[in-house]
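Coordinate inspection notes
Residues per chain, in single letters:
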Amino acid sequence: ISELCQLDSRLGQFYAAALNQFISDHKLDKQQIGAVGSHGQTIRHQPAGDHPCTLQIGDPNIIAANTGLTVVADFRRRDIALGGEGAPLAPAFHNQVFRTQQCNRAIINIGGIANVTVLIPGAEVAGFDTGPGNTLMDAWARLKLGQPYDRGGEWAAAASVDEELLEALLLHPFFGRSWPKSTGIEDFNMGWLQGILDDLRQPREPAVIQATLCAL
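A short tour of the structure in this document, coming up.

What counts, and at which threshold
Residues numbered from 1 in each chain as written. Predicted model: local features only at pLDDT ≥ 70, side-chain atom pairs only at ≥ 80, totals over all residues. Heavy atoms only, no water. Patch = residues over 30% accessible without salt bridge, like charges linked within 9 Å, V, L, I, M, F, W, Y side chains within 5 Å. Areas by Shrake-Rupley, 256 points an atom, 1.4 Å probe, with all protein chains shown as cover. Salt bridge = Lys/Arg side-chain N within 4 Å of Asp/Glu carboxyl O. Helix = DSSP H or I, 4+ residues; strand = E, 2+ residues; numbered from the N terminus. Buried < 20%, exposed > 50% of the residue type's maximum accessible area, 1.4 Å probe, protein only. Pairing = 2+ DSSP bridges. Core = buried A, V, L, I, M, F, W, Y, C linked by side-chain atoms within 4.5 Å. Contact = heavy atoms within 4.5 Å. Axes fitted to C-alpha atoms, helices over the stretch in contact; angles between N-to-C directions. Left-handed = near helix turned anticlockwise from the far one by under 90°. Nonpolar A, V, L, I, M, F, W, Y, C, P; charged D, E, K, R; others polar.

Taken together, Leu 4, Ile 43 and Leu 55 make up a surface patch of nonpolar side chains, about 200 Å² in accessible area. Mapping Leu 55 onto the fold places it in strand 3 (residues 53-57). Classification of Leu 55 by relative accessible area gives partly exposed; the value is 32%.

Have a look at this one:
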């Protein structure tokens, strides 16, 4: 608990310093800044079960005190309190920027976890996580290449997708759940991947695994 509290404080100080540096570098007038939105760093996200919860750190009080600006934070927990998943946050933005009355639109956001926003004229906005985006590929690149990610996708592009492995990966129960739904590294991580690789009859080349993770 002590370490968690210290990290919460240190991250708030880091955010505040970065924000002040940004304001200085761009010669911005703080009087013209209405508010700062700070999501923080998620350290636990468990939207399912008897007691759904989510927790982000990066003390917004410290950001406010060190910048003199109004800070809006703690974005996810009210949504969970109202029965939502608390993620993803992008659909509200997509709804404002991309909605049109002329056609249906689907906005795909690929981060560590991928999500989709569905915009249909006359209907409420709908959005949910679809599964892993870059998180497994990045973790695999760190493990096998010693690099933070597969630069330009070149490693994945050098191999072919393994259909048997892809089918095994798609058996994860998350893909069969109806929306709304959200996920994260609690579901899709190296332990989960390694368990599936261990169950396969033949080992796969690392590049083949990367190409298959890209297909997933």
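For the rest of this paragraph, the subject is the pairing of strand 3. Within a regular beta strand, the side chains point alternately toward one face of the sheet and then the other, so they alternate between its two faces. Two strands pair when backbone bridges link them, and strand 2 (residues 41-46) and strand 3 are joined in this way by five bridges, in the antiparallel orientation. Across the sheet, the residue bridging to Thr 42 is Gln 56, located in strand 3. Between strand 2 and strand 3, which pair antiparallel in sequence order, lie six residues; one of them, Gly 49, sits at a positive phi of approximately 100°.

Turning next to the nonpolar core. The biggest cluster of nonpolar side chains holds 18 residues, and the ones touching the most others in it are Trp 140, Leu 165, Leu 169, Trp 192, Leu 193, Leu 197 and Leu 213. Contact partners of Leu 197, with chain neighbours within four places excluded, come to Trp 140, Leu 165 and Ile 209. Listed in part, the six residues of the second largest apolar core include Val 36, Ile 63, Leu 69 and Val 71.

One way to put it is that helix 1 (residues 2-25) packs onto helix 2 (residues 60-67) with a least axis distance of 8 Å and a crossing angle of 35°. The way helix 1 lies across helix 2 gives a crossing that is right-handed. On the side of helix 1, the interface is formed by Ser 9, Gly 12, Gln 13, Tyr 15, Ala 16, Leu 19 and Asn 20, while helix 2 contributes Ile 62, Ile 63, Asn 66 and Thr 67. Residues belonging to the contact of helix 1 with helix 2 are distributed by class as follows: five nonpolar, six polar and no charged.

With that settled, the discussion passes to the sheet that holds strand 6 (residues 113-119). Spatially, 5-6-7 is the arrangement adopted by the three strands of the open sheet, whose pairing is antiparallel. Two strands in the sheet have a free side with no partner beyond their single neighbour: strand 5 (105-110) and strand 7 (126-132). Direction aside, neighbouring strands of the sheet carry axes that sit 20° apart on average. Strand direction decides the pairing type here: strand 5 and strand 6, joined by six bridges, are antiparallel. Residue pairing across strands places Asn 109 opposite Asn 115, the latter belonging to strand 6. Packing against the sheet, helix 4 (residues 90-98) makes contact with strand 5, strand 6 and strand 7, and its axis sits at approximately 40° to strand 6.

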